[in-house]
Each structure stands twice: as structure tokens, then as C-alpha cells.
Amino acid sequence: MKQPNSTRKPGSHLIRGRFAAPTSTDMQTFSSSLAVDLRMLDEDIDGSIAHATMLGQVGIVTAEEAQTLCAGLETVRQEIHDGTWAPTDAHEDVHMAVEERLTEVVGEVGKKIHTARSRNDQVATDVRLWLKRRLIELDVALTELVSVLLDRIESDGRTLMPGYTHLQRGQPILLGHHLLAHLWALERDRDRLVEALARVEKSPLGACAMAGTPHPIDRSISAELLGFRGLVENAMDAVAARDHEQEVVAACAICMTHLSRIAEELVLWSSVEFNFVRLGDDYATGSSIMPQKRNPDAAELVRGKSARVYGDLMTLLSLVKALPMAYNRDLQEDREPLFDAVDTTMASINITAGMWRTLTISRDRFEADLVGDFSLATELADLLAERGVPFREAHEVVASIVRWCEEQGSGLEALTPSVAREFHPSFPEDLGPWLDPRTAAERRTSRGGTAWLEIQRQVAILEGNVGRGFDL
Ligand code: ARG
């Protein structure tokens, strides 16, 4: 019998039997994903334990062998966590490292673990398990952010502020109404993550390289042990598909857009020009030269990091788009953008919650300057329309009033009832209630309007949803 190849060395020898020489050092470094995928150590061990258990149950290995493999895998997990054994750069990935160490720990039987399995289905399984765990954590973080904003509505929601379109003052609204606009978007982000889980939770394990196996495996056993809900039906699809990753990162990218809009407002609102919020000391930053600065770096970073997550999504889409079926090594490049997108989104959600938990609102910032402000123009037009004037005509009347006020160099406060009635006889004797911004906000009681009652109705719905999480 021929002797095993003498060029074998730790880290790569398990799969180098057909070569006369080891891979070059630069190829080893180029090829290794260990630094990135060691993060999935627990998922890799969990997947291997489920696989070994299944092998034992269907009789591909004996019950005793399965037990040895599982115990050995737990030892490897412990050793790597404790640092008593560490993989090196020479290990191509976490799967090879674990398998090699397992065989050192349990001996010959370790060589049976890879029966009816390939790294292709192994890595697909690991990533899905990892994603499932992170999706749940993202949901918890988002739920906390929703709660922080709901608390803010309770404490400051009746604060009067201008509602903007085109960043021009539009109509007076309550802060609670504004925050609800963000809250509903975040609520949809939660939905998207929950819905993505349905596609993530399918087991690819047992697909092997891409063709299945002649061994009498039962894929549903390992799937159930790992908490998957069902199997990826086709073995090629199981090892080649990455759309569930793209979907999660797309959900992260959309969530980052929402966080970035919130962040942008905090940057604006904390400026002296707006002077509407003051960030808490724990989230404001200083300048190395200007001693007075209270910079909103946290918000700017959330805004900036949204760009990274968009980049991650683009990487994942381009990575897969021209790959022939089934597994291709290109797919190893999926983890960096995937991990980065999830980490960045998680951190940004938490920082946004932190900023909103600790900032202070200037409750009276806009009270005075909204009185007689042109943002009551719509209210005057609505008043005429309520009195039977066709809205388009009312719009024109109020537009002339605004022009007249500007000529006087004043706001709407110059509009006495008698002047108003010269513009249109349908104006009432007392304009007081219609020139009051809070009344204007409170009169908008239509469904979804800015009235406090409507805000409370929506808050109640969202509060009911806070307890609604993944159906685990
Ligand atoms: N490190 C590889 C990855 O992350 C594992 C699968 C390798 N499969 C292979 N046929 N080379 O994608």
C-alpha cells in the first residue's frame, strides 16, 4: 500500500491527498476564511452535532460512535472558546478546523463525521443558523427603539412644532405625530425581518456537495434538531442560494434608511438654528479645537453607516448574479458583507435608541413663533371651505392674504377679522381660534391626522405590537 503523502501538514492535510505538494503560503492566506467565519463556530458545532446524531439514528454510524462524535464536538467548542486550542491561518475555514481538531480529540472515528456531508451544505447551514439568531436579536433591538420612541411620545408628544414639506414650514403639528411617522416605518422594518426568517429557516443540511448522497440519511432529523422549519428541497439550490442573505441585508438597508432619516433630523434639530433638541452628554461629542462644540457625531455616524450597508447589499447582489450552478468559491465572500450589515444595523438601532432616550426637547421652542405663522394658511383656507367656499377659491383668497401680509412686513397676526372679511365675506367675526396653532393641530382629527386623540389611537396599536415578536 502507498504511504500517505509526506507533504501533509496541519490545517490542509485533510483534503490534500491528491496533491504532491501543499498550497503556497500566499494561496493559503488568500483562500482562508477562518478569520471571518470563526464567528460561526457555535453554529458549525451545532450543525455537526445534529449531523452526527442523525448519522447515528439512521445507522450510518453506531450509536456509540455518534455519541463519541457529539462529545468530541463539545470538547472542540470548549477548547476554542477557552483558547486552549486555536485554529491557525493554515486552516481554510472553521469547518476544516473543527473537523481536524475533532479527529485529534476522538481519534479515527472523527473521520466519519464527513459522511454524507460537504462543506457546501455545512456552510449554508451555518450561515442560516447564524442569521436566525441575529434576526431575533435585531427584532429585540428594534422593539426597544420603538418603546423608547413611544415613551418619548408619552412625555413630549404634545409639543407643538412645524410640520414640514420640502423643509419649508407647512402646518402646525404635534411632535407625537412626527415621531409616529418614524415609528410606523420602524414597525415595517420589524415585519420585514420576521418575514425574512421564513425563508432563512429551511435546512440545507444533507444536500452534500450538490447532488445528494447514496447514504440512507434523513434530512428532517438534523433539520428538526437545529430548529429549522422545513428543508431546502433541491440539493443544488440548497448550496447555491444566497437570496435569503440578500433579503435580510435588503431589510437592513431599508432599516438603515429609516435610521438615517431620524439621524438627519437630529443633526438639524440640535443645531443652533433649530434649537429644538439637546443631545444628552452621553451621546454628544466635542471638538479638538472649538471648545464650545456639542456635536451630533452619533447621528452623523448612523447616517454615514447607512452607506456601508447599501454597499453590503450591492456586494451580495453582484457576488451571486453570474454564478453558474451550484456552489462556487466566490460564495465564501458573502460573510463579510452579511456580518457587517447585521452588525452595523444592530449598532445603529441601539445608538438611535440611546440618543432618543437621553435627549431633551425644547417644549416651547415653536409655541410663540407658530402663532400668526404662515403655516396657519391652510387652516384659514379650510375655514373658508367649511363655510361653503370651494377649496380652490379659498386657497386663492388665502394666498392673496399671505401676499398682503408680506407687503405689510408681518405674518398672519396682522389679519384682523375686518381685513379678512374684505378678502372674503365668509370669514367669521372672531378669527382667534383659527389663528391658534395648537387648535389647528387638534382640529385635524381625521384618521392618521395630527390631533392628540389620533396620536393616542396609533400609540395604542403600536404598544400592542411591542409584545408581538417572533413566533418561536
Ligand atoms: N470556506 C468555504 C465557504 O465559506 C466552505 C465551502 C468550501 N467548499 C468548497 N467546495 N471549496 O464557502
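What counts, and where the lines are drawn
- Residues numbered from 1 in each chain as written.
- Predicted model: local features only at pLDDT ≥ 70, side-chain atom pairs only at ≥ 80, totals over all residues.
- Heavy atoms only, no water.
- Helix = DSSP H or I, 4+ residues; strand = E, 2+ residues; numbered from the N terminus.
- Rg over C-alpha atoms; globule rule 2.2 N^0.38 Å.
- Buried < 20%, exposed > 50% of the residue type's maximum accessible area, 1.4 Å probe, protein only.
- Contact = heavy atoms within 4.5 Å.
- Areas by Shrake-Rupley, 256 points an atom, 1.4 Å probe, with all protein chains shown as cover.
- Lys, Arg positive; Asp, Glu negative; His and termini not counted.
- Charge placed at Lys NZ, Arg CZ, Asp CG, Glu CD.
- Near = heavy atom within 4 Å.
- Nonpolar A, V, L, I, M, F, W, Y, C, P; charged D, E, K, R; others polar.
- Expected span 1.5 Å × (residues − 1).
- Disulfide = S-S within 2.5 Å.

(A) Summary view of the overall build of the chain. A tally of regular secondary structure across the chain gives 18 helices and 4 strands. Against the globule reference of 23 Å for 472 residues, the chain gives a C-alpha radius of gyration of 31 Å, more extended than a compact globule. Taken along the three principal axes of its C-alpha coordinates, the chain extends 110 × 50 × 40 Å. Across the 472 residues in the chain, those meeting the buried criterion constitute 51%. Of the contacts made within the chain by residues no fewer than 6 positions apart, 76% connect residues no fewer than 24 positions apart. Accessible surface computed for the chain: about 22,000 Å², of which carbon and sulfur atoms make up 54%. Of note, the chain has its 50 positive side-chain charges centred 3 Å away from the centre of its 72 negative side-chain charges.

(B) A look at the site of the ligand. In the vicinity of the ligand, the contacting residues are S33, D93, H95, R119, N120, V123, Y327, Q332 and R335. It is helix 6 (residues 119-156) that provides the largest number of residues to the shell around the ligand, a total of 3 residues. For the shell around the ligand, the class distribution of residues is 2 nonpolar, 4 polar and 3 charged.

(C) Inspection of helix 5 (residues 94-106) at higher detail. Compared with the 18 Å implied by 1.5 Å per residue over 13 residues, the 18 Å span of helix 5 between its first and last C-alpha is a close match. Where burial is concerned, most of helix 5 is hidden: 11 out of the 13 residues are buried. Restricting attention to buried positions, one finds in helix 5 the residues V94, H95, M96, A97, V98, E99, E100, R101, L102, T103 and V106. Of the surrounding elements, those touching the buried residues of helix 5 are helix 2 (34-37), helix 3 (41-57), helix 4 (63-82) and helix 6. Following helix 5 by one or two positions, G107 adopts a phi angle in the positive range, close to 85°.

(D) Spotlight on the state of the cysteines. Tallying each qualifying case throughout the model produces 0 disulfides. Considering cysteine sulfurs only, C252 is the nearest to C255, which forms no disulfide, with 6.9 Å between them.

(E) How the structure looks around the side chain of R152. Mapped onto the elements of the fold, R152 is located in helix 6. Not counting the four nearest positions on each side in its chain, R152 is found in contact with G157, L179, W356, R357, T358, L359, T360 and I361.

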